[in-house]
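# Summary of the model geometry
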Amino acid sequence: PGHRDEKAYGNRCAANTALKRFAEALNDADYGISINPEWAKLHSRKAVAHFYRKEYDESVVSYERALGLDAGNAEYARGLEQARKLGGSAEALRRRKEAQRRMGTAAK
């Protein structure tokens, strides 16, 4: 991607999510966030893509980031609540990544 417009990537992320192309949606979200990490809507769109992939821990983290940038957003709060109800946890994701890091270090 040579284009540096986070809104274009945010819109394509939403379109890819609607088309159930979740990996592409996450790629678009990540690229858009690399351009403008302060855009809450893109973090929420990333959360939605994770949610539909049943990656509830990742969804929680992305919703928390979105709410950190736009604390009063009821849509983000509802999404976070749904992901948590399905077992999503930022702490579980942190523990899983730490275990993966340790395993990678142990394998060397």
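If you're wondering where the values come from, they're calculated on a predicted model, not measured in any experiment.

This next bit is on the packing of helix H3 (residues 40–52) against helix H4 (residues 56–69). Two elements in contact, H3 and H4, have axes separated by 8 Å at closest approach and are oriented at 165°. The angle between H3 and H4 falls in the class roughly antiparallel. Once H3 is placed against H4, the crossing between them reads as left-handed. On H4, the residues touching Ala-40, His-43, Ser-44, Lys-46, Ala-47, Val-48, His-50 and Phe-51 of H3 are Tyr-56, Glu-58, Ser-59, Ser-62, Tyr-63, Arg-65, Ala-66 and Leu-69.

Let us now look at the nonpolar core. It is characteristic of soluble globular proteins that their nonpolar side chains tend to be buried jointly. Ranked by size, the top nonpolar core spans 11 residues in total: Ala-40, Ala-47, Phe-51, Tyr-56, Val-60, Tyr-63, Ala-66, Leu-67, Tyr-76, Leu-80 and Ala-83. Mapped by element, the contributors of at least two residues to this core are H3, H4 and helix H5 (74–85). If one sorts the elements of this core by residue count, H4 sits on top with five residues. With residues up to four places along the chain from it excluded, the contact list for Ala-66 reads Ala-40, His-43, Ser-44 and Tyr-76.

Attention now moves to the packing of helix H1 (residues 6–18) against helix H2 (residues 22–35). H2 packs onto H1 with a crossing angle of 165° between their chain directions and a minimal axis gap of 8 Å. Between H1 and H2, the angle falls in the class roughly antiparallel. Judged by the twist between their axes, the crossing of H1 over H2 is left-handed. Facing H1, whose interface residues are Glu-6, Tyr-9, Arg-12, Cys-13, Asn-16 and Thr-17, H2 presents Phe-22, Glu-24, Ala-25, Asp-28, Ala-29, Tyr-31, Gly-32 and Ile-35. When the residues that make up the contact of H1 with H2 are grouped by side-chain class, the tally is seven nonpolar, three polar and four charged.

Parameters at a glance
- Residues numbered from 1 in each chain as written.
- Predicted model: local features only at pLDDT ≥ 70, side-chain atom pairs only at ≥ 80, totals over all residues.
- Heavy atoms only, no water.
- Axes fitted to C-alpha atoms, helices over the stretch in contact; angles between N-to-C directions.
- Helix = DSSP H or I, 4+ residues; strand = E, 2+ residues; numbered from the N terminus.
- Parallel < 35°, antiparallel > 145°, perpendicular 65-115°, else oblique.
- Left-handed = near helix turned anticlockwise from the far one by under 90°.
- Contact = heavy atoms within 4.5 Å.
- Core = buried A, V, L, I, M, F, W, Y, C linked by side-chain atoms within 4.5 Å.
- Buried < 20%, exposed > 50% of the residue type's maximum accessible area, 1.4 Å probe, protein only.
- Nonpolar A, V, L, I, M, F, W, Y, C, P; charged D, E, K, R; others polar.

Read these as geometric descriptors, not functional statements.
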